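Secondary and tertiary structure notes
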Amino acid sequence: MKKRHSTGKTLFNEKESFIPPASIYFVIFLLVGFLIFFYFLSFIPISGNSMENTMFNHQYCLVQRKCFDVKRGDIVTINTAAKGEKDNLIIKRVIGMEGDQIIFMLSDDKYYVDLYIRKAGESHFKLKHEPYIKERMERNSANYYNVNLLKYNPQLTEIDFSTSYDSSFDDYIITVPKSHVYFLGDNRNISRDSRYYKTRNLSCVTSKVLLIF
């Protein structure tokens, strides 16, 4: 009698292994993508002209809604509504962070306004270079509600504020409180921003702009 030779097959490898079709992986990928997008990201419309020439009315921007850090220069959405009021979201650029000091000083001809900032930890005020603004700030703009304009003082940038104290600047220095931001529009002469709303807590920053379309 001939001996039967084992083929090496078992109950497990005799069954065909089940491999999900590519369409299932595609659907799973889409679902995960949609969940991530709608939780972390969003498209929002731009309304108004206060951020020209960086963004324009009727454009859209992609924003990050969760897990983002805020830095100077970031464009963010901020809820400026008071407690109990309906949300009022605006898009502005972060100019100052916690501990920064800001001064708006008239130009030598008294027609324009220049922005000076002393960042937290620094000793001197410096003229802020802002190539992104639409045009230079004008003195006759109606947006300096909560700002005192310092008369032209060329010695401002020479004073070491870490070692010197001059009370004559007290009414003009804006100090950003802890966990707050100071924000301005790029179209300064029509923008209602921190010059009106003052600073806002970081908790009021609702998203960070990633892309503009």
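Before reading further, recall that the structure is shown in the block above.
For clarity, every value in this text was computed on a predicted model and none was experimentally measured.

About the cut-offs
- Residues numbered from 1 in each chain as written.
- Predicted model: local features only at pLDDT ≥ 70, side-chain atom pairs only at ≥ 80, totals over all residues.
- Heavy atoms only, no water.
- Patch = residues over 30% accessible without salt bridge, like charges linked within 9 Å, V, L, I, M, F, W, Y side chains within 5 Å.
- Areas by Shrake-Rupley, 256 points an atom, 1.4 Å probe, with all protein chains shown as cover.
- Salt bridge = Lys/Arg side-chain N within 4 Å of Asp/Glu carboxyl O.
- Buried < 20%, exposed > 50% of the residue type's maximum accessible area, 1.4 Å probe, protein only.
- Helix = DSSP H or I, 4+ residues; strand = E, 2+ residues; numbered from the N terminus.
- Contact = heavy atoms within 4.5 Å.
- Polar contact = N/O pair within 3.5 Å; in protein donor to acceptor, adjacent residues only side chain to side chain.
- Pairing = 2+ DSSP bridges.
- Axes fitted to C-alpha atoms, helices over the stretch in contact; angles between N-to-C directions.

On to a nonpolar patch on the surface. On the surface, Phe26, Val27, Phe29, Leu30, Leu31, Phe34 and Phe38 cluster together to form a nonpolar patch covering roughly 760 Å² of accessible area. Taking relative accessible area as the criterion, phenylalanine 38 reaches 53% and is therefore assigned exposed.

One can find glutamine 101 in strand E5 (residues 101-106). The exposure class assigned to glutamine 101 is buried, which follows from its relative accessible area of 15%. The spacing of glutamine 101 and arginine 118 is 17 residues in sequence and 5.1 Å in space, taken between C-alpha atoms. Beyond its immediate stretch of four places on either side in the chain, glutamine 101 contacts Tyr116, Ile117, Arg118, Phe125, Ile173, Ile174 and Thr175. Looking at glutamine 101, its side chain comes within polar contact range of the side chain of threonine 175, at 3.1 Å.

Here the idea is simple: oppositely charged side chains can pair when their charged atoms come close. One pass over the full model with this rule turns up eight salt bridges. Of the charged contacts in the structure, one is a salt bridge between glutamate 52 and lysine 134, with a shortest N-O distance of 2.8 Å. With glutamate 52 in the loop between strand E1 (41-45) and strand E2 (60-64) and lysine 134 in the loop between strand E7 (126-127) and strand E8 (137-138), this residue pair connects regions lying 82 residues apart in the sequence. Between aspartate 100 and arginine 72 there is a salt bridge, with its nearest N and O atoms 2.7 Å apart. One end of the pair, aspartate 100, is in the loop between strand E4 (89-96) and E5; the other, arginine 72, is in the loop between E2 and strand E3 (75-79), with 28 residues separating them in the sequence. With relative accessibility at 35%, the residue arginine 72 sits in the partly exposed group. If you follow the salt bridges from partner to partner, you end up with Lys71, Asp74 and Lys208 in one network.

Relative to the helices and strands, asparagine 187 is located in the loop between strand E10 (180-184) and helix H3 (194-197). A polar contact is formed between the side chain of asparagine 187 and the backbone oxygen of asparagine 49, at a distance of 3.0 Å. When residues no more than four places from it in sequence are discounted, the contact partners of asparagine 187 are Asn49, Ser50, Met51, Glu52, Lys134 and Glu135.

With that settled, consider the sheet that holds E4. The seven strands lie next to each other as E1-E2-E12-E3-E4-E10-E11, forming an open sheet whose pairing is antiparallel. The strands lining the two open edges of the sheet, one partner per strand, are E1 and strand E11 (200-201). In this structure, E2 lies alongside strand E12 (residues 205-212), joined through four bridges in antiparallel fashion. Across the sheet, residue leucine 62 finds its bridge partner in E12, namely leucine 211. Running over the sheet, helix H2 (residues 22-40) touches E1 and E2 and is turned about 55 degrees from E1.

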